[in-house]
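Tertiary structure, described
Chain residues, written in single-letter form:
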Amino acid sequence: MLICNVVGARPNYMKIAPIVHALDRRGLAHFLVHTGQHYDENMSRVLFEELELPKPDVYLGVGSDTHARQTARVMMDFEKVCQDRRPDLVMVAGDVNSTLAAALTAAKLGIPVGHVEAGLRSSDRTMPEELNRIVTDHLSEMLFTTEESGNENLRREGIPDEWIHFVGNCMVDTLLRRREAAVSGAPWKEFELSPGGYALLTLHRPSNVDVKVTLQSLMRAIAAVAARLPVLFPVHPRTRNRMMEWEIAPPDGVQLCDPLSYLTFLGLMAKAQLVLTDSGGIQEETTVLDVPCLTLRRNTERPITITCGTNQLTEPEPQALVRSLERIRAGDWPKNRRPPLWDGRASERVVDVIQNWAASRL
Ligand code: UD1
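Residues numbered from 1 in each chain as written. Predicted model: local features only at pLDDT ≥ 70, side-chain atom pairs only at ≥ 80, totals over all residues. Heavy atoms only, no water.

1. Here's the deal with the overall build of the chain
Per the secondary structure count, the chain includes 15 helices and 13 strands. In summary, the chain has a C-alpha radius of gyration of 20 Å against a globular reference of 21 Å for 362 residues, a match within 12%. Counting all 362 residues of the chain, 60% fall into the buried class. Taking the intrachain contacts of the chain between residues at least 6 apart in sequence as the baseline, contacts between residues at least 24 apart amount to 68%. Carbon together with sulfur atoms contributes 49% to the accessible area of the chain, which is approximately 14,800 Å² in total. (Helix = DSSP H or I, 4+ residues; strand = E, 2+ residues; numbered from the N terminus. Rg over C-alpha atoms; globule rule 2.2 N^0.38 Å. Buried < 20%, exposed > 50% of the residue type's maximum accessible area, 1.4 Å probe, protein only. Contact = heavy atoms within 4.5 Å. Areas by Shrake-Rupley, 256 points an atom, 1.4 Å probe, with all protein chains shown as cover.)

Structure (structure tokens):
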């Protein structure tokens, strides 16, 4: 059996890395395809090194473009890879365009698809990721879920029970493995911050950063936090481009930096007083790290981070953010109860499922 693992963008690497390692431990044949959706050093190569991912066997180099063109490019190139190498299973992760493109290509060639982080739903179809999730799930025949809401969503959409595998969270496998190394690097020193004495901010959702008035009002809200606590803001390229185009300056007290490596960011997150974000993965990571997270969105596809974790959705209003900051400082914030199966062994369970599936086809 030959397994093809596909990555394309930053959030894919930490989900696929532990699966690659588990496949290696069991001596199963696999190869790695990087679509090149993300290509900057800090969005790609550096993370590969830190996550001990092997150099990709195939690099498609598709780069940035409109959704249709980027998706189509991955499909055209990945089809050739599948035809040449004939994998028995294609594994994709998350909800980026590369995930959808690889899944669609494989399914059309009759190659079974496994989807890591299946079943999440924000019920907001204006999010490109929501469309990618829905379509990828319905093209897959092995759906690996991270939380109970994912199982329920898939059942409601008519996915057969025997295709749904509640394995836990592969990204958490990576986090638990690398947390100590990340913290021992004391990355806050480089930014002249002290542990517990800063907020960490990330913003890159099109709904937040692609509309000028929205981005401006977000910055006004962040200013209220920054007046009380230093804010470190690693700026995603999408956001950097918009801030430059619209000449939006960061508020006082906000320190900008380039996108950070996995370990640097993880170390910073672990010792932040709070994290402000519109990312999906960071809501999960802060839950495991037991760090308060304010999600600057109206919805989340990861409800377990609210019911079980340290995450709260928030309006991008100065008063709302200040109220939350005060609650956090008063110790009045939900404590993390670790979500079921977020135990560092999710990728072992993924590979168990793959092996059982392969055995049943003999
Ligand atoms: C993509 C994913 C999003 C994920 C995010 C994580 C989709 C639809 N979106 O969004 O789900 O949360 O990655 O980062 O797949 N750019 C660079 N260098 C890079 C990559 C991108 O400068 O290495 C710039 C380009 O100007 C590009 C823009 O960032 O046009 C957006 O990149 P793109 O991959 O289209 O989407 P993301 O916003 O990164």
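2. Comments concerning the site of the ligand
Every one of the 21 residues lining the ligand counts as a neighbour, but His-38, Asn-97, Glu-129, His-204 and Arg-238 are closest to it. Contact distances for the ligand include 2.9 Å between an oxygen atom and a backbone N or O atom of Asp-40. Measuring from an oxygen atom of the ligand, one finds a side-chain N or O atom of Arg-205 at 3.4 Å. Burial of the ligand by the protein amounts to 87% of the accessible area it has alone, namely 750 Å². (Near = heavy atom within 4 Å. Polar contact = N/O pair within 3.5 Å; in protein donor to acceptor, adjacent residues only side chain to side chain.)

3. What to know about the pairing of strand 4 (residues 89-93)
Extensive coverage of strand 4 is indicated by the burial of five of its five residues. Side chains Leu-89, Met-91 and Ala-93 of strand 4 all project onto a buried face; the interleaved residues Val-90 and Val-92 project onto the opposite face, where all are buried too. One ladder, built from three bridges, connects strand 1 (residues 2-7) with strand 4; its direction is parallel. Bridge pairing in strand 4 links Cys-4 to Val-90. Relative to strand 5 (residues 113-118), strand 4 runs parallel, the two being bridged by four bridges. Across the sheet, the residue bridging to Met-91 is Gly-114, located in strand 5. (Pairing = 2+ DSSP bridges.)

4. Quick word on the layout of surface pockets
Here the second largest pocket is characterised by a volume of approximately 310 Å³. Lining the second largest pocket are 16 residues, with Ser-207, Asn-208, Leu-296, Arg-297 and Arg-298 positioned closest to its centre. Mapped onto the lining of the second largest pocket, the elements with two or more residues apiece are helix 8 (206-209) and helix 9 (212-226). By residue number, the principal contributor to the lining of the second largest pocket is helix 9, which donates three residues. Considering only residue class, the lining of the second largest pocket consists of four nonpolar, seven polar and five charged. (1 Å grid on protein atoms, 1.4 Å probe; cavity = no way out; pocket = protein on both sides within 12 Å on 5 of 7 lines; lining within 4 Å. Points joined across faces, edges and corners; volume = space filled by probe spheres on them. Nonpolar A, V, L, I, M, F, W, Y, C, P; charged D, E, K, R; others polar.)

5. Section: the confidence of the model for the chain
This prediction gives the chain a mean pLDDT of 97; 100% of its residues lie at or above 70. Ranking the elements of the chain by mean pLDDT puts helix 2 (residues 45-50) last with 95 and strand 4 first with 99. (pLDDT = per-residue confidence, 0-100.)

6. Regarding the domain arrangement of the chain
Segmentation of the chain into domains returns domain 1 (2-168 + 342-360) and domain 2 (177-329). Put simply, the middle of domain 1 and the middle of domain 2, counted by C-alpha atoms, are 26 Å apart. With 24 residues of domain 1 in contact, the opposing surface of domain 2 contributes 21 residues. Between domain 1 and domain 2, the buried area comes to about 1,900 Å², and carbon and sulfur atoms account for 53% of it. Among the residues of domain 1 in contact with domain 2, Glu-50, Glu-147 and Trp-342 are the three that bury the most area, contributing 29% of the side total. At the boundary of domain 1 and domain 2, one finds four salt bridges. With a shortest N-O distance of 2.5 Å, Glu-52 and Arg-177 are connected by a salt bridge. Counting across the interface, domain 1 meets domain 2 through eleven residue pairs in polar contact (both at pLDDT 80 or more). (Domains from an automatic or database assignment. Buried area = accessible area lost by both parts, 1.4 Å probe. Salt bridge = Lys/Arg side-chain N within 4 Å of Asp/Glu carboxyl O.)

7. Focus: the sheet that holds strand 13 (residues 311-313)
The parallel open sheet is built from six strands, whose spatial order is 10-9-8-11-12-13. Edge positions in the sheet fall to strand 10 (254-257) and strand 13, since each of these pairs with one other strand and no more. Strand after strand, the sheet turns through a mean of 20° between neighbouring axes, direction not considered. Relative to strand 9 (residues 231-234), strand 8 (residues 199-202) is paired through two bridges, and the arrangement is parallel. (Axes fitted to C-alpha atoms, helices over the stretch in contact; angles between N-to-C directions.)

8. Quick word on helix 6 (residues 148-156)
Of all the residues in helix 6, the buried ones are Ser-149, Gly-150, Asn-151, Asn-153 and Leu-154. In the core, the buried residues of helix 6 are packed alongside strand 5, helix 5 (128-139), strand 6 (142-145) and strand 7 (164-166). Among the residues trailing helix 6, Gly-158 stands out with phi positive, at a value near 90°.

9. Comments concerning helix 3 (residues 67-85)
Taking 1.5 Å of rise per residue, 19 residues should cover 27 Å, and helix 3 covers 27 Å from first to last C-alpha, within 8% of that figure. With its phi angle positive at about 50°, Arg-86 sits one or two positions after the end of helix 3. (Expected span 1.5 Å × (residues − 1).)

10. Some thoughts on unusual backbone geometry
Even without being a glycine, Glu-247 presents a positive backbone phi close to 50°. With respect to the helices and strands, Glu-247 occurs in the loop between helix 10 (237-245) and strand 10. The class for Glu-247 is exposed, based on a relative accessible area of 72%. With a phi angle near 70°, Leu-341 is a residue other than glycine that sits in the positive phi range. As for its position among the elements, Leu-341 is in the loop between helix 14 (318-329) and helix 15 (346-361).

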